[in-house]
Amino acid sequence: MQLKNDRYLRALLKQPVDRTPIWMMRQAGRYLPEYRATRAQAGDFMSLCKNPELACEVTLQPLRRYPLDAAILFSDILTIPDAMGMGLYFGEGEGPKFTKQLSDFMDVVQLPIPDPEVELRYVMDAVRTIRRELNGEVPLIGFAGSPWTLATYMLEGGSSKTFSKIKKIMYSEPEVIHILLDKLAQSVILYLNAQIAAGAQAVMIFDTWGGVLTPNSYREYSLSYMQQIVDGLTRNVDGTPVPVTLFTKNGGLWLEEIAATGCDAVGLDWTVDIRSARQRIGDKVALQGNMDPAFLLGTPERMRLEVQAILDGYGQGSGHVFNLGHGITPDVDPEKVKFFIEAVQSFSRTYHLDNNI
Ligand code: CP3
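Residues numbered from 1 in each chain as written. Predicted model: local features only at pLDDT ≥ 70, side-chain atom pairs only at ≥ 80, totals over all residues. Heavy atoms only, no water.

## Topic: the site of the ligand
Here is the rule: For this description, a residue counts as near a given molecule or strand if any of its non-hydrogen atoms is within 4 Å of it. N or O atoms within 3.5 Å of each other form a polar contact, as long as, within protein, one can give a hydrogen and the other can take it, and as long as residues adjacent in sequence are counted only when both atoms are side-chain atoms. Using a 1.4 Å probe, accessible areas were evaluated by the Shrake-Rupley method; residue-level cover was limited to the displayed protein chains. In the scheme used here, Gly and all other residues not listed as nonpolar or charged are polar, with Ala, Val, Leu, Ile, Met, Phe, Trp, Tyr, Cys and Pro taken as nonpolar and Asp, Glu, Lys and Arg as charged.
Looking at the ligand, there are 22 residues lining it, with Arg-26, Arg-30, Tyr-35, Arg-39 and His-326 nearest. In the model, an oxygen atom of the ligand is placed 2.6 Å from a nitrogen or oxygen of the His-326 side chain. Within the complex, 89% of the 870 Å² of free accessible area of the ligand lies under protein. Partitioning the shell around the ligand into residue classes produces 14 nonpolar, 4 polar and 4 charged.

## Structural notes on the UniProt feature "site: Transition state stabilizer" (unreviewed entry) in the protein
So the rule is basically this: UniProt positions are given in the numbering used here, feature names are shortened, and annotations may be inferred rather than shown by experiment. Here a strand is any run of E in DSSP of at least two residues, a helix any run of H or I of at least four, and the numbering for each starts at the N terminus. Burial here depends on accessible area, computed with a 1.4 Å probe over protein chains only, as a share of the maximum for the residue type. Under 20% is buried, over 50% is exposed, and the range in between is partly exposed. The contact rule is simple, with two residues in contact once any of their heavy atoms fall within 4.5 Å.
UniProt's feature table lists "site: Transition state stabilizer" (unreviewed entry) at Asp-76, given in the numbering used throughout. Along the chain, Asp-76 falls in the loop between strand S1 (71-72) and helix H5 (79-86). The exposure class of Asp-76 is buried, given its relative accessible area of 11%. Look past the residues within four positions of Asp-76 in its chain and what remains in contact with it is Phe-45, Cys-49, Phe-90, Phe-143 and Tyr-191. Of note is the side chain of Asp-76, whose polar atom sits 3.0 Å from the backbone nitrogen of Leu-78.

## Quick word on a nonpolar patch on the surface
Applicable threshold: Patches draw on residues past 30% relative accessible area with no salt bridge. Two like charges within 9 Å are joined, as are two nonpolar side chains (Val, Leu, Ile, Met, Phe, Trp, Tyr) within 5 Å. Each reported salt bridge corresponds to a side-chain nitrogen of Lys or Arg within 4 Å of a carboxyl oxygen of Asp or Glu.
Taken together, Phe-105, Met-106 and Val-109 make up a surface patch of nonpolar side chains, about 240 Å² in accessible area. With respect to the secondary-structure elements, Met-106 resides in helix H6 (residues 105-109).

## Comments concerning the side chain of Arg-19
Of note, Arg-19 is situated in the loop between helix H1 (7-12) and helix H2 (33-42). A relative accessible area of 5% places Arg-19 in the buried class. There is a polar contact of 3.0 Å between the side chain of Arg-19 and the side chain of Asp-69. Non-local contacts of Arg-19, meaning those with residues more than four positions away in its chain, are made with Arg-7, Pro-67, Asp-69, Gln-345, Ser-348, Arg-349 and His-352.

## Thoughts on the environment of Thr-129
Here Thr-129 shows up in helix H7 (residues 121-134). Owing to a relative accessible area of 9%, Thr-129 belongs among the buried residues under this scheme. With 11 residues separating them in the primary sequence, Thr-129 and Leu-140 have C-alpha atoms 11 Å apart. Ignoring anything within four residues of it in the chain, the contact list for Thr-129 reads Pro-52, Glu-53 and Cys-56.

## Section: the packing of helix H14 (residues 300-314) against helix H15 (residues 334-347)
Helix packing for two helices is described by the angle between their axes and how far apart those axes are. Operational definition: Under this scheme, a helix contributes an axis fitted over its contacting stretch, all axes are lines through C-alpha atoms, and angles between N-to-C directions fall in the 0 to 180 degree range. Less than a right angle of anticlockwise turn of the near helix away from the far helix marks a crossing as left-handed, whereas a clockwise turn marks it as right-handed.
Here H14 crosses H15 at 35°, and the two axes come no closer than 10 Å. Crossing handedness for the pair H14 and H15: right-handed. In this structure, H14 contributes Pro-300, Met-303, Arg-304, Val-307, Gln-308 and Leu-311 to the contact, and H15 contributes Lys-336, Phe-339, Phe-340, Ala-343, Val-344 and Phe-347.

## A word on the packing of aromatic side chains
Note on aromatic pairs: each is described by the distance of the centres and the angle between the planes. So the rule is basically this: Any two rings among Phe, Tyr and Trp, with Trp reduced to its six-membered ring, count as a pair given centres within 6.5 Å; such a pair is stacked if its planes are under 30 degrees apart, edge-to-face if over 60, and tilted if neither. Each ring is checked for a lysine NZ or an arginine CZ that lies within 6 Å of its centre and within 35 degrees of its normal; such an atom marks a charge sitting over the ring.
Within this structure, the stated rule accounts for 8 aromatic pairs. Here Phe-143 and Phe-206 contribute two aromatic rings whose centre-to-centre distance is 5.6 Å and whose plane-to-plane angle is 90°, an arrangement assigned as edge-to-face. With Phe-143 in strand S4 (residues 140-145) and Phe-206 in strand S5 (residues 202-207), this residue pair connects regions lying 63 residues apart in the sequence. Both residues of the pair, Phe-143 and Phe-206, belong to the buried class. Taken together, a centroid distance of 5.9 Å and an interplanar angle of 65° make the contact between Phe-322 and Phe-340 edge-to-face. Taken together, the residues Phe-322 in strand S11 (residues 320-324) and Phe-340 in helix H15 connect sequence positions 18 residues apart. Judged by relative accessible area, which is 0%, Phe-322 ranks as buried. The class of Phe-340 is buried, set by a relative accessible area of 0%. Directly above the ring of Tyr-314 sits Arg-278, whose terminal nitrogen or CZ lies 3.9 Å from the centroid.

What follows is the structure, given as structure tokens:
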């Protein structure tokens, strides 16, 4: 079936568009009262992820409110460690935690590689349900965490400020980390290819913690495994390309190397000047980003100036997917999000006037 709105996919492939497409990281989330209500109905966050009908419902909620150009699967990057038997849970108002700890080499060696249609079937069922319910309105984005980012949560036992546990192992027994990263890379390839087979029309890899590494460690422990994933993904379904976006938060220094993996697009956080990013890698890849979500807490006037500055920084032509530089925060007023999306959609038209569409 033809998509009714394919701006997001076209921009990722640098094909002409009438305006810059937009979606928001964490667009289905706690800033929306209807999300909080559905999560309460499910009981908790993981029960929401594991219920394909309710996961579909929250995926669609932001699209009912706003004219977004893409839907993103409602799930979490930590479904893979959970499916490996780590026992993921989220305490009320807390970050992620695991019931199981990885204490030694044998624990890592024994971790299984999950079969996506078995242990992660609920995710594939959510993808199929969402694709059906979207009815061709906008494309559906699938996603996974980068091996490095998943490994940080698994070895730290949750969120971390210093990453000292994983770094201690990395700089004393690097082979343990490499066994884990290798398993995670294989798991992510199977998982994303299964999402693509189930109906995801583009995929994104979230490397939230690559930016805590040194340049050499980034190459060895994060980028090389994302490279394996890019090489292992299904990039085309029945003649239609399936674009891949890589996003390393705080990875602004390494844009050239990220673009050289052969991905279609690079996600930018707000520390990057999108004008210079386009000069550096805009001939190779599309760019996604990069407004600081905190502009959604300020005045609409300042937010509009920032939207204008980002559009102007990218400049004329296709190849830009507007987004935030990281996820929208729970304290944002949903009314302001409306102004934000309207600003992107109305201001961006003048950057696409030469496109003949
Ligand atoms: O973007 C979307 O709308 C799709 C859904 C999505 C979620 N998590 C839902 C979620 C996506 C793409 C993610 C990715 C994710 N999960 C990342 C990478 C992106 C990033 O934010 O850097 C990471 C690091 C995680 C791990 C994770 N999940 C953490 C650290 C937390 C707790 C922090 C928090 O915001 O509370 C989560 C929970 C989570 N994942 C929530 C949502 C909507 C909030 C949980 C809740 O509803 O109580």
